[in-house]
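An overview of the molecular structure
If you want the building blocks of each chain, they are given just below.
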Amino acid sequence: MGSTGLKAVAFEAGSGATLAAAGGALPYRQLPQGGCELAADAIASALAHALQGVAQQLGERLRDLRALSCTGHGAGLYLLDEGGRLLGASAVASTDQRAAARARALGQRLGDALYDEVGCRPWSGQSSLIAAERFQADPALRGRVRHLLFAKDYLAFLLTGQVATDASDASTAGLLNLKTGAWSAMAFEAAGVADLHAQAAPLLAAGSVVGQVSASAAAAFGLPAGVPVAMGAIDLLASLRAVGAERVGHAVAVLGTWCVNAVVAPAREPKPQVGAIVRFGDPDRRLYLENSPSSMANVAWAARALQFPDAAAVVDSAMSVPLGAEGLRFLPFINGGNWPPGASAGFVGLQGHHSRAHMARAVVDGVAAWHAWHLKRLADQGLGVAGRVAALGGGARDRRMAQLLAGLLGHAVERCGDDETGARGAAGYAALSQGADDCLPAPCERVEPDPGQQSAHADFYAQFHALVDSMAPVFAQVTGAAR
């Protein structure tokens, strides 16, 4: 369950072949002040559509199903009441911006202390801050909370009726003590929701069995009753697992809704200064993140605003214009950004000769350049294998996007164009629960940068990031005016 859609995929153990896939977009509702929510019935309907579609495609092979697992976007807010219903009949997306001012204020007071405790500084999409914002708007909600979950865990709950989560989701949300691996009372208290600490779901190891598909879920979703459901992990860690990056330690760039860049490496003290540090199942290693709230979300926005049929058409149009869009630049922060503070999206240098294709090119260039910025920050900290990056996610389905990223990085990237890496990773946890590890290899190809564009890519990268840095006072002024 991602930030835009929900899919179900069936994989064959051993070959790793995709046997069936189904799913579709999720109808997130954009609300005033940057709110983004998803109705509970829409989630259940999407899950039924995806699972029933896979079951139909599998036909008689459905009886061979050994186990399943769920993965999903991190943070956001999934609160259950005593009846197991989503509080307010909706979930909140991690791209929700209503807690942005709260996050800035908390960051000024306790940002460094929280980074030391939980591995990240406050940000608007955190579960605890979204909860505080919702409780302030409707105080009656606070007393109705019984369980705090994450996206993947809500799907598992719908399948099994069992409440549980794992360390990777809890830690990505900034709610897990990095040293102890337990829920952080400090993080909940700092956000003003100390009472939620007692409502946090039990922590289970990824790959352990949460429960079995219930009779009611079997009837609703077209699955055999009694199939084991394994604990998964946040979609990023699942994707790393799918392409072997968790094992070999090279960096990945996930060109999805979020601008996600990450590497698994040994735990270090003092902590490297990165966007976030996540504790997961291995106490001696950490998932180091450099993220921004929007990557391909910028391209999706361009498709809507510039009236392209879809995101693929934006990229097609962009590639008809040279790198740099003849002086037009786009600041790729359609859902905000972590640097400069208060960053927002916009075109810079727009002139009369620029067309819709130039605007599309500026958006695509900006997205790739921001991924490169994050990846180089990880490399500068000595994190990851030098010169090794894998490109995943929806954006990586287009080889041209992977080659653009390679050009901006100055070295080849491994393109894992299989856009189901998250689901493949989840299936890996399902396999692990049945004693069958590393049985789902993902297809990848090596993409070299265009040798004729080496100088142009280096110049563009340097100029683009100088522009972003120079925008810091502008963003500060705009943010102040909006308060």
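Think of each chain on its own: its residues are numbered from 1, step by step along the sequence as written. Local features in a predicted model are, by the rule used here, given only for residues with pLDDT of at least 70; side-chain atom pairs are given and counted only at 80 or more, and totals for whole chains, interfaces and linings are based on all residues. Computation of side-chain values: all heavy atoms of the structure, hydrogens and water removed.

To qualify as a nonpolar core, a set must consist of buried Ala, Val, Leu, Ile, Met, Phe, Trp, Tyr and Cys residues joined through side-chain atoms within 4.5 Å. Only protein chains enter the accessibility calculation, which uses a 1.4 Å probe; a residue is then buried when its area is under 20% of its type maximum, exposed when over 50%, and partly exposed in between. If you look at the biggest cluster of nonpolar residues, it comprises 61 residues, and the most contacted ones within it are Tyr288, Leu405 and Leu408. Counting 55 residues, the second-largest nonpolar core is a separate cluster that includes Ala103, Ala170, Ala191 and Ala276.

We now examine the layout of surface pockets. Considered as a void within the structure, the second largest pocket measures approximately 310 Å³ in volume. Two kinds of site are reported from a 1 Å grid over the protein atoms alone, namely cavities, where a 1.4 Å probe fits but cannot get out, and pockets, open sets with protein on both sides within 12 Å along at least five of seven lines, and residues are called lining when an atom falls within 4 Å of a point. Looking at the second largest pocket, it is lined by 16 residues, and the ones nearest its centre are Arg241, Ala242, Gly244, Arg247 and Asp438. Elements are defined by DSSP. Helices are runs of H or I of four residues or more, strands are runs of E of two residues or more, and each kind is numbered from the N terminus. Going through the elements one at a time, α8 (235-242), α9 (245-248) and α14 (421-433) are the ones with two or more residues in the lining of the second largest pocket. Considering each element in turn, the lining of the second largest pocket owes the most residues, three residues, to α14. Under the convention adopted here, Pro, Cys and the residues Ala, Val, Leu, Ile, Met, Phe, Trp and Tyr are nonpolar, Asp, Glu, Lys and Arg are charged, and Gly plus all remaining residues are polar. Across the lining of the second largest pocket, the residue classes break down as seven nonpolar, three polar and six charged. Grid points are joined across faces, edges and corners, and a volume is the space filled by probe spheres set on the points.

What follows concerns the sheet that holds strand β4 (residues 35-39). A pair of strands is considered paired only if DSSP assigns at least 2 bridges between the two. Taken in spatial order, the three strands of this open sheet run β3-β4-β7, and their pairing is antiparallel. Looking at the sheet topology across the chains shown, the edges are occupied by β3 (29-31) and β7 (90-92). Neighbour to neighbour, the strand axes of the sheet diverge by 35° on average, direction disregarded. Pairing of β4 with β7, which is carried by three bridges, proceeds in the antiparallel orientation. Across the sheet, Ala39 pairs through a bridge with Ser90, a residue of β7. Note on geometry: axes are C-alpha line fits, over the in-contact stretch for helices, and angles between N-to-C directions span 0 to 180 degrees.

Turning next to the pairing of β4. Counting buried positions along β4 yields five of five residues, so the element is predominantly enclosed. Side chains Gly35, Glu37 and Ala39 of β4 all project onto a buried face; the interleaved residues Cys36 and Leu38 project onto the opposite face, where all are buried too. As paired strands, β3 and β4 are joined by three bridges and run antiparallel to one another. Pairing of Gln30 across the sheet is with Cys36, part of β4.

The UniProt feature table records "domain: Carbohydrate kinase FGGY N-terminal" (unreviewed entry) at residues 1-239. Counting secondary structure, residues 1-239 comes out at 35% helix and 17% strand; the distance between its end C-alpha atoms is 13 Å. UniProt positions are given in the numbering used here, feature names are shortened, and annotations may be inferred rather than shown by experiment.

This paragraph deals with the domain arrangement of the protein. Partitioning the protein into domains gives domain 1 (5-233) and domain 2 (244-482). Taken together, the contacts link 44 residues of domain 1 with 31 residues of domain 2. Considering only the surface of domain 1 that becomes buried against domain 2, Phe11, Tyr115 and Leu178 emerge as the three largest contributors, covering 21% of it. Salt bridge, as used here, is a side-chain nitrogen of Lys or Arg placed within 4 Å of a carboxyl oxygen of Asp or Glu. At the junction of domain 1 and domain 2, the tally comes to two salt bridges. With a shortest N-O distance of 3.6 Å, Lys7 and Glu420 are connected by a salt bridge. We call two N or O atoms a polar contact when they sit within 3.5 Å, provided that within protein one can donate a hydrogen and the other can accept it, with sequence-adjacent residues counted only if both atoms are side-chain atoms. Joining domain 1 to domain 2, the criterion identifies 13 residue pairs in polar contact (both at pLDDT 80 or more). For the side of domain 1 that touches domain 2, the elements supplying multiple residues, two or more each, are β1 (5-11), β5 (68-69), α2 (100-118), α5 (167-172) and β10 (228-230). Residues of the side of domain 1 that touches domain 2, tallied by class, amount to 19 nonpolar, 18 polar and seven charged. Annotation comment: domain bounds sourced from an automatic or database domain assignment. Throughout, a residue-residue contact means that at least one pair of heavy atoms, one from each residue, lies within 4.5 Å. What counts as buried area is the accessible surface, traced by a 1.4 Å probe, that two parts surrender upon association, with contributions from both included.

Time to look at the packing of aromatic side chains. Aromatic pairs are defined between Phe, Tyr and Trp rings, using the six-membered ring for Trp, whenever the two ring centres lie within 6.5 Å; interplanar angles under 30 degrees are classed as stacked, those over 60 as edge-to-face, and all others as tilted. Going through the model one piece at a time under the given rule, you end up with eleven aromatic pairs. Geometrically, the ring pair formed by Trp301 and Phe347 is tilted, given 6.4 Å between the ring centres and 40° between the ring planes. Highlighted residues: Trp301 in helix α10 (residues 296-305) and Phe347 in strand β16 (residues 346-348), separated in sequence by 46 residues. Residue Phe347 is classed as partly exposed on the basis of its relative accessible area, which comes to 22%. Arranged with centres 5.7 Å apart and planes meeting at 25°, the rings of Phe460 and Phe464 form a pair that is stacked.

Let us look at the state of the cysteines. Put simply, a disulfide is two cysteine sulfurs that come within 2.5 Å. Summed over the entire model, instances satisfying the criterion amount to one disulfide. The disulfide bridge from Cys416 ends at Cys444, spanning 2.2 Å between sulfur atoms. Disulfide Cys416-Cys444: the torsion about the S-S bond is 90°, which places it as right-handed. You can see Cys416 sitting in the loop between β18 (413-415) and α14 and its partner Cys444 sitting in the loop between α14 and β19 (445-447), a full 28 residues away along the chain. Judged by relative accessible area, Cys416 falls into the buried class, the value being 1%. By relative accessible area, which is 38% here, Cys444 ends up partly exposed. Of all cysteine sulfurs, the one in Cys259 lies closest to Cys36, which takes part in no disulfide; the gap is 18 Å. Accessibility expressed as a relative area gives 4% for Cys36, which makes it buried.

Most of strand β12 (residues 259-266) is tucked away, with seven of its eight residues classed as buried. What sits between the antiparallel neighbours strand β11 (residues 251-255) and β12 is a turn of three residues. Summarising the sheet, β12 and strand β14 (residues 285-289) pair through five bridges and their orientation is antiparallel. In the sheet register, Ala265 faces β14, and the bridge partner there is Arg286.

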